[in-house]
Structures are given as structure tokens and as C-alpha cells.
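Secondary and tertiary structure notes
Listed below are the residues making up each chain.
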Amino acid sequence: MVHESFMGWMTGIQQQLESTLEHCLPGSQIEPRQLHQAMRYATLEGGKRVRPLLVCAAGDLVGASSANLLRIGAAIEMIHAYSLVHDDMPCMDNDVLRRGKPTCHVAFGEAGALLTGDALQTLAFELVSRPLDGVDAATQLAMVRTLAHASGHAGMAGGQAIDLASVGVALSLPELEYMHLLKTGALIRASVLLGAMAGRPLADEETERLDRFAKCMGLAFQVVDDVLDCEADTATLGKTAGKDAANDKPTYVSLMGFAEAKRFAQELREEAFAAIEGFGPSAQRLKDLADYIVDRSF
Ligand code: GRG
């Protein structure tokens, strides 16, 4: 159950993240204006900001500075925004609605959307590689490497490739899980890991437990996404509902049925909680976020 003090913390982070993104994105009056306007259009004022929230909650656990966490969170949100822009394009998911407004290619054309995604991705890496207060160069290099690994062929882009090849294919549950571990899970894991790398050094065993938490959360996020795609309406989601079934895509709901998919999400939450039990009260934000991810309605 999501409680009031968590809601206050979440709203505060979302507002600070918005200012950070606003500050880090190129101004809409700077040339090339159309590209900069499209980058801002795709990134500002939208989305739940789950990944930056995970960065901040994991960073809290290790006493990381909030300025560092917000910059890392903004960078990961830019990678996420780029993935949505490209995913919505006619050559991929071909959708016209995202975050309650026309998708980037509808507003700025296909070439504009392609460049917007490219520019958001590279700006994200620029942001993570600028000096971070109190973080040594070797750790920062490891952050860049972790984010690159999670975004590329062995992570999000690889998962998207498997997804595109899976339309109309009867995937098994382990195959579906593998696809989502890459497509959605890798960036969620990177969010937790980068947040945790920004503070006091952790023992390998502590990092492994955080990674287990993040892996469960990545999968739970996707299971809930599949359930909502069937249960919620387009206005609530801010994106076209029911697309998975319409596109004949394998999902947790199509493979397991509703009740079992919902039960699986609860099970993943319990597993995630168990992974971080040893951290004590400093892991409360992560637990609250896990509740938010599993209990969300959009
Ligand atoms: C194009 C390389 C490339 C990758 C695209 C993430 C992705 C891969 C595609 C998005 C398609 C999709 C609907 C995936 C399901 C899970 C997901 C990432 C949902 C959208 O993320 P939210 O719910 O969105 O965090 P907001 O708008 O809240 O940020």
C-alpha cells in the first residue's frame, strides 16, 4: 500500500527532476530549433519518472548527493524517452499517442523523431560522464559502462529486437521473461545500480542483493504493464490501450491469464522485498517504490 509520506517524497523528486531536465535539455530557441523543441517535447512534462525515482531511492540507501542523483536520473529518463520515441515510430510499434499527446513523429515527422531519439541518447551519456561531485573517475566510468550495456544489444535494444521478431510467435514463459529482462528490465536495473554507485561503496554481496531487487522490479513492472494494457483505458494510460492483443503480441496475460499474472506480480514484489531485507530502514524508499510499481493504475 502506497502511503502519504512516500507520495510527498515522490512528488518532490518528480518536480526536482523536471527542473533538472529543463536545465539539461537544449533551449527551444537555440538552433537547430526544431530538434531542440522535439527533444523537450519528448522528455518534459510527462511520464511517471519511475527510473529516476529508482535512481534516487537507491542513492538514498548509500547516502549519495541529490544533485548527482538527479543528473543521473535525468540521463536515464532521456534514454527512456528516446526508446519511447523510436518505439512509437511507424517502422516499429506505429503509435500516435504517448503520454497523452501525439507521438514525436506525428508532431515532428519521422526524420525528426529519429534524430530526437539519437540526440537524447547521446546527451544522456554526456550527462553521466560529466564530473560528479565526490564520485571517482573509475566509478564514473563503471556507471557509463553499466548504462551502455543496459541500453544496447545486450539490454534494451536487444530486447526490442526480440520483441519485433516475436509478433505472432508462440513464446514460452522463459522466452517471454528473457525478452522483458532485456527490453524493460535492463534500464530499470541500471537505474538502481547507478543510484547505488553514486554513494558509499557497497560490498559485492550488497550490490548483488540490490540487483536482485531491481531484476524482480523490472519483471514486475512489465507484468503490470501487460495487465494494464488489457484492463485500463486509453485516457488513463495516455497511450493506446489494448495494443498487445491487437498486434498479436505474446504477453504475461496471454500466456498466464489475468489472475495468474496478477499473482505473479505480487510474488515478484515479495521476492524483491526479501532481497533487500538486510538493508533495514534505509531501504524503505525502494520498498515503497516497489509497492507503487505493483499497485499502480497507469
Ligand atoms: C527503440 C531501442 C528501442 C527500445 C524500445 C522500452 C521500449 C524499448 C519500448 C517501449 C514499449 C513498451 C510499451 C514497453 C513496455 C514497458 C514500458 C517501457 C512502458 C513505458 O514505460 P513507463 O510506463 O512510461 O515508465 P512513462 O510514460 O510513465 O515514462
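Keep in mind it's a predicted model, so treat the numbers as computed, not measured. (Residues numbered from 1 in each chain as written. Predicted model: local features only at pLDDT ≥ 70, side-chain atom pairs only at ≥ 80, totals over all residues. Heavy atoms only, no water.)

Our focus in this paragraph is the packing of helix 1 (residues 4–24) against helix 4 (residues 66–88). For the pair helix 1 and helix 4, interaxial distance at closest approach is 9 Å and the crossing angle is 75°. Considered as vectors, helix 1 and helix 4 are oriented roughly perpendicular to each other. Each of I13, Q16, L17, T20, L21 and C24 in helix 1 lies in contact with helix 4, whose residues at this interface are L70, R71, G73, A74, E77 and M78. Grouping the constituent residues of the contact of helix 1 with helix 4 by class yields seven nonpolar, three polar and two charged. (Axes fitted to C-alpha atoms, helices over the stretch in contact; angles between N-to-C directions. Helix = DSSP H or I, 4+ residues; strand = E, 2+ residues; numbered from the N terminus. Parallel < 35°, antiparallel > 145°, perpendicular 65-115°, else oblique. Contact = heavy atoms within 4.5 Å. Nonpolar A, V, L, I, M, F, W, Y, C, P; charged D, E, K, R; others polar.)

Here we take up the site of the ligand. The environment of the ligand is formed by 19 residues, the closest being K48, R51, H80, D87 and R99. Here an oxygen atom of the ligand sits 2.8 Å away from a polar atom, N or O, in the side chain of R51. For the ligand, an oxygen atom lies 2.8 Å from a polar atom in the side chain of H80. Protein chains shield 92% of the accessible area of the ligand, which is 690 Å² for the free molecule. Taken together, the elements giving at least two residues each to the shell around the ligand come down to helix 4, helix 8 (156–164), helix 9 (173–197) and helix 10 (204–231). It is helix 4 that provides the largest number of residues to the shell around the ligand, a total of six residues. Among the residues forming the shell around the ligand, the class breakdown is five nonpolar, seven polar and seven charged. (Near = heavy atom within 4 Å. Polar contact = N/O pair within 3.5 Å; in protein donor to acceptor, adjacent residues only side chain to side chain. Areas by Shrake-Rupley, 256 points an atom, 1.4 Å probe, with all protein chains shown as cover.)

The next subject is the packing of aromatic side chains. A complete count under the given rule lists four aromatic pairs for this structure. Considering the side-chain rings of Y252 and F264, the 5.8 Å spacing of their centres and the 45° angle between planes classify their relative orientation as tilted. Remark: F264 occurs in helix 14 (residues 258–276) and Y252 occurs in helix 13 (residues 252–256); sequence separation between them is twelve residues. The two residues Y252 and F264 agree in class, both being buried. Pairwise contacts between aromatic rings join F6, W9 and Y292 into one cluster. Over the face of the ring belonging to Y41 we find K101, whose NZ or CZ atom lies 4.3 Å from the ring centre. (Phe/Tyr/Trp six-rings, centres within 6.5 Å; stacked < 30°, edge-to-face > 60°. Buried < 20%, exposed > 50% of the residue type's maximum accessible area, 1.4 Å probe, protein only. Lys NZ or Arg CZ within 6 Å of the ring centre and 35° of its normal.)

Read these as spatial facts, not as claims about activity.
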